[in-house]
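The chain contents come next:
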Amino acid sequence: MGTMSNTITFFGKESFPLEMHKVRIVQKLRLAPVEERLSAIRAAGFNTFLLKNDVVFMDMLTDSGVNAMSDRQLAAMMMADDSYAGSMSFERLRETASAIFGKEFILPVHQGRAAENVISSAFVKPGNVLPMNYHFTTTKAHIGLRGGKVVELYGRKAMELTSAEPFKGNMDVAALKKLLDAERDNVPFVRMEAGTNLIGGQPWSLENLKEVGALCRERKIPLVLDASLLADNLYFVKTREKTQAERSIRDITRSIADEADIVYFSARKLGCARGGLILTGDSALYESMLQFVPLYEGFLTYGGMSVREIEAMSVGLEETMDFDMIRHGPEFIAFMVDELVARKIPVVTPAGGLGCHLNAREFLEHVPQTEFIAGSLAAAAFIAGGLRGMERGTMSEERNADGSEHLSEVELLRLALPRRVFTMSQVKYAVDRVHWLFENRKLVGGLKWVSEPKILRFFSGRLDSTSDWPEKLARKFRADFGDSL
Ligand SMILES: *Cc1c(COP(=O)(O)O)cnc(C)c1O
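Residues numbered from 1 in each chain as written. Predicted model: local features only at pLDDT ≥ 70, side-chain atom pairs only at ≥ 80, totals over all residues. Heavy atoms only, no water.

Engineer: Can you walk me through the overall build of the chain in this structure?
Structural biologist: Within the chain, the secondary structure is distributed over 18 helices and 14 strands. Since a compact globule built from 485 residues should have a radius of gyration of about 23 Å, the 22 Å found for the chain is in line with a globular shape. Looking at the 485 residues of the chain, the share that counts as buried comes to 59%. Residue pairs in contact within the chain that sit at least 24 positions apart in sequence constitute 74% of those at least 6 positions apart. Total accessible area on the chain is roughly 19,900 Å²; 54% of this is exposed by carbon and sulfur atoms. Mean positive and mean negative side-chain charge positions of the chain (60 and 63 charges, respectively) differ by 3 Å. (Helix = DSSP H or I, 4+ residues; strand = E, 2+ residues; numbered from the N terminus. Rg over C-alpha atoms; globule rule 2.2 N^0.38 Å. Buried < 20%, exposed > 50% of the residue type's maximum accessible area, 1.4 Å probe, protein only. Contact = heavy atoms within 4.5 Å. Areas by Shrake-Rupley, 256 points an atom, 1.4 Å probe, with all protein chains shown as cover. Lys, Arg positive; Asp, Glu negative; His and termini not counted. Charge placed at Lys NZ, Arg CZ, Asp CG, Glu CD.)

Engineer: Explanation requested: the pattern of salt bridges in the structure shown.
Structural biologist: Two side chains of opposite charge can pair, provided their charged atoms sit close to one another. If you walk through the whole model with that rule in mind, you get 31 salt bridges. Lys-140 is paired through a salt bridge with Glu-397; the nearest N and O atoms lie 4.0 Å apart. Of this pair, Lys-140 sits in helix H5 (residues 137-145) while Glu-397 sits in the loop between strand S11 (390-392) and strand S12 (412-416), placing them 257 residues apart in sequence. Residue class for Lys-140 comes out partly exposed when judged on its relative accessible area of 32%. Overall, Glu-397 belongs to the buried group, its relative accessible area being 9%. With a shortest N-O distance of 3.3 Å, Glu-309 and Arg-274 are connected by a salt bridge. Pair noted here: Glu-309 is in helix H12 (residues 307-320) and Arg-274 is in the loop between strand S7 (262-266) and strand S8 (276-280), with a separation of 35 residues, a long-range link. Residue classification places Glu-309 among the buried residues on the basis of a relative accessible area of 14%. Within the structure, one salt-bridge network assembled from shared partners comprises Arg-399, Glu-405, Glu-452 and Arg-457. (Salt bridge = Lys/Arg side-chain N within 4 Å of Asp/Glu carboxyl O.)

Engineer: I keep staring at the sheet that holds strand S9 (residues 355-359) and nothing clicks. Help me out?
Structural biologist: Strand pairing in a sheet takes place through backbone hydrogen bonds and is either antiparallel or parallel in direction. Pairing within the open sheet is antiparallel, and its three strands lie in the order S9-S12-S11. A single partner strand is all that each edge strand has here, and the edge strands are S9 and S11. Looking at each pair of strands side by side, their axes are set apart by 30° on average, direction ignored. Packed on one face of the sheet, helix H13 (residues 323-342) meets S9 and S12 and runs near 25° to S9. (Pairing = 2+ DSSP bridges. Axes fitted to C-alpha atoms, helices over the stretch in contact; angles between N-to-C directions.)

Engineer: Looking at this model, I keep getting lost on the packing of helix H4 (residues 112-123) against H5. Mind explaining?
Structural biologist: Helix-helix packing is characterised by the crossing angle of the two axes and by the distance between the axes. Orientation of H4 relative to H5, taken along the N-to-C sense of each, is 25°, at an axis distance of 9 Å. Taken together, the axes of H4 and H5 lie roughly parallel to each other. Crossing hand, H4 versus H5: right-handed. Only Thr-138, Thr-139, His-142 and Ile-143 of H5 make contact with H4, whose side of the interface consists of Arg-113, Glu-116, Asn-117 and Ser-120. (Parallel < 35°, antiparallel > 145°, perpendicular 65-115°, else oblique. Left-handed = near helix turned anticlockwise from the far one by under 90°.)

Engineer: I keep staring at the site of the ligand and nothing clicks. Help me out?
Structural biologist: Lining the immediate environment of the ligand, one finds 15 residues, of which Gln-111, Arg-113, Asp-226, Ser-266 and Lys-269 sit closest. Backbone polar atom of Gly-112 to an oxygen atom of the ligand: 2.9 Å apart, as the coordinates give it. One of the side-chain N or O atoms of Lys-269 is found 2.8 Å from an oxygen atom in the ligand. Counting residues per element, the shell around the ligand draws most heavily on H4, which supplies three residues. (Near = heavy atom within 4 Å. Polar contact = N/O pair within 3.5 Å; in protein donor to acceptor, adjacent residues only side chain to side chain.)

Engineer: What is the right way to read the domain arrangement of the chain from this model?
Structural biologist: One frequent convention defines the size of an interface as the accessible area lost when the parts assemble. When cut into domains, the chain gives domain 1 (4-63 + 323-481) and domain 2 (74-319). Contacts between the two partners involve 31 residues from domain 1 and, on the opposite side, 41 residues from domain 2. Both faces considered, domain 1 and domain 2 share a buried interface measuring about 2,800 Å² in area, 60% of it formed by carbon and sulfur atoms. In this assembly, domain 1 and domain 2 are joined by two salt bridges. For the salt bridge of Asp-232 with Arg-419, the shortest nitrogen-to-oxygen distance reads 3.0 Å. In this structure, the connection of domain 1 to domain 2 is made through 11 residue pairs in polar contact (both at pLDDT 80 or more). Elements represented by at least two residues in the side of domain 1 that touches domain 2 include exactly H13, S9, S12 and helix H17 (457-460). (Domains from an automatic or database assignment. Buried area = accessible area lost by both parts, 1.4 Å probe.)

Engineer: How do you make sense of the pairing of strand S14 (residues 462-465) when you look at a structure like this?
Structural biologist: Consecutive side chains of a regular strand alternate in pointing toward one face of the sheet and then the other. Residues Leu-463 and Ser-465 line the buried face of S14, whereas the alternating positions Arg-462 and Asp-464 sit on a face that is not buried. Relative to S14, strand S13 (residues 447-451) runs antiparallel, the two being bridged by four bridges. Across the sheet, Ser-451 pairs through a bridge with Arg-462, a residue of S14.

Engineer: Explain a nonpolar patch on the surface here, please?
Structural biologist: Taken together, the side chains of Ile-8, Leu-18 and Met-20 make up a nonpolar region of the molecular surface, amounting to roughly 240 Å² of accessible area. With respect to the helices and strands, the residue Met-20 is situated in the segment before helix H1 (34-43). With relative accessibility at 42%, the residue Met-20 sits in the partly exposed group. (Patch = residues over 30% accessible without salt bridge, like charges linked within 9 Å, V, L, I, M, F, W, Y side chains within 5 Å.)

Engineer: Can you walk me through the nonpolar core in this structure?
Structural biologist: The tendency in soluble globular proteins is for nonpolar side chains to be buried as a group. Ranked by internal contacts, the top residues of the largest apolar core, which has 62 residues, are Met-60, Met-336, Leu-340, Leu-358, Phe-363 and Leu-437. Among the elements that line this core, the one with the most residues is helix H15 (residues 373-385), at 10 residues. Excluding anything up to four places from it in sequence, Leu-340 contacts Ile-345, Val-347, Cys-356, Leu-358, Val-431 and Val-434. Counting residues in hydrophobic clusters, the runner-up holds 57 residues, among them Met-192, Val-212, Leu-223 and Ile-252. (Core = buried A, V, L, I, M, F, W, Y, C linked by side-chain atoms within 4.5 Å.)

Engineer: Would you take a moment to explain helix H16 (residues 424-439) for this structure?
Structural biologist: For an α-helix, the turn length of 3.6 residues means that residues three or four places apart are oriented alike. Here H16 spans 23 Å end to end across 16 residues, near enough to the 22 Å set by a 1.5 Å rise per residue. Among all positions of H16, only Met-424, Gln-426, Val-427, Tyr-429, Ala-430, Val-431, Arg-433, Val-434, Trp-436, Leu-437 and Phe-438 are buried. (Expected span 1.5 Å × (residues − 1).)

Engineer: What is the right way to read the packing of aromatic side chains from this model?
Structural biologist: To describe a pair of aromatic rings, one takes the distance between the centres and the angle between the planes. On inspection of all chains with the given rule, the structure shows 20 aromatic pairs. Here Phe-46 and Trp-469 contribute two aromatic rings whose centre-to-centre distance is 6.4 Å and whose plane-to-plane angle is 45°, an arrangement assigned as tilted. A residue pair is termed long-range when its members are at least 10 positions apart, and Phe-46 in the loop between H1 and strand S1 (58-59) and Trp-469 in helix H18 (residues 469-481) qualify at 423 residues. Neither Phe-46 nor Trp-469 differs from the other in exposure class; each is buried. Judged by centre distance (5.0 Å) and plane angle (75°), the ring pair of Phe-363 and Phe-438 falls under edge-to-face. One end of the pair, Phe-363, is in helix H14 (residues 360-363); the other, Phe-438, is in helix H16, and 75 residues separate them in sequence. With relative accessibility at 1%, the residue Phe-363 sits in the buried group. (Phe/Tyr/Trp six-rings, centres within 6.5 Å; stacked < 30°, edge-to-face > 60°.)

Written out as structure tokens, the structure is:
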């Protein structure tokens, strides 16, 4: 089936993405009044990770473990085979995943970062250099913990937040070549991340991946693919890479996996379940990683996952091969981005996967970077609309060795759209509240640390506002909207 048969043309002027699924289980939502939102974000130390869900209207924190599951996934969960060793649920996962990715060996893990723990334990030694298109928070932490150093080799366009560049996740192959020349035996693997998370869910092209793969094979260095956000990257390869337009999602997936020696992913994203997986076709690489699964995760046929999630993952991976399934997220995100652009609100373009990314540095021009621009915008968006987003900026970085703040290259507020979860009217509501916030942006001030953990501080660190700006913002909301929520 080509792209054409999936296109819906509207008779009227308005055009919008159409849900290719229907909702059969719902969860009630409550919109807390602005005063309650204000006191909740204060109580949460201005960290959206610490908010309790009963005050959150749209949970746009992440796409991890919160994607809508299908009727078929739920049905499969009821038929799971629970046993410590030799579970048939695991056998079904092995068959499905091996067929999709064309890799014989699979290792189950409880989530994506657990795969990173296993891979880093097996291959990263102190002083090693790890080239990648861009880092992810947990990847960098695991590599750093073992004394390895992450080197990001993204292309020139990756950091241009407003752009028409279709593949900002591409690796700079010339830079990789130079690095491999200089470091020779000091590179245990090269890592490519699909749907590059921290730069706005931006994809690479299959062409770029093939160039990276060819170079790695020439130098006999394994290529590790982080496929957590593969669904989005697949959508963009099919819709933006001309040579791939007529190919099926299954064929494109296989071409991608064929380039990598190890594929790993968070099934909280890929496959709409809760778990993780490592695949390889190389028995030596498999043997190197094997021992760490029983050590950290659990026996080799469950790896810390419940068998129900394993069943859901098998079905979810299979469903990911359906273009109608993977298009929903990117198309809703593109709709939201277009609506924000039309209101002149700074947002990362072109639209990527996993969510809509506000460019906090332009949104809050007046807030200094040392006061956590993106974190301030996250708190403000919660006050404005009960929208829980995630800071992706300086708060998400770790401090430099000398203790100074490592100022992030980009300051983004990610408003994630978990796959198939939100309706069109909820997306329109989010756009409306962000629009109001943009008109009132001058009221928003900065944040400062109150308590700051050493590792992955953004998860549980607490902050305070630098002034009473949150109160002022809430008062303005009440004045503008009257009794309304
Ligand atoms: C989410 C994510 C991970 C980590 O997966 P978890 O299941 O959250 O541990 C790793 N890499 C990328 C690109 C991700 O988006």
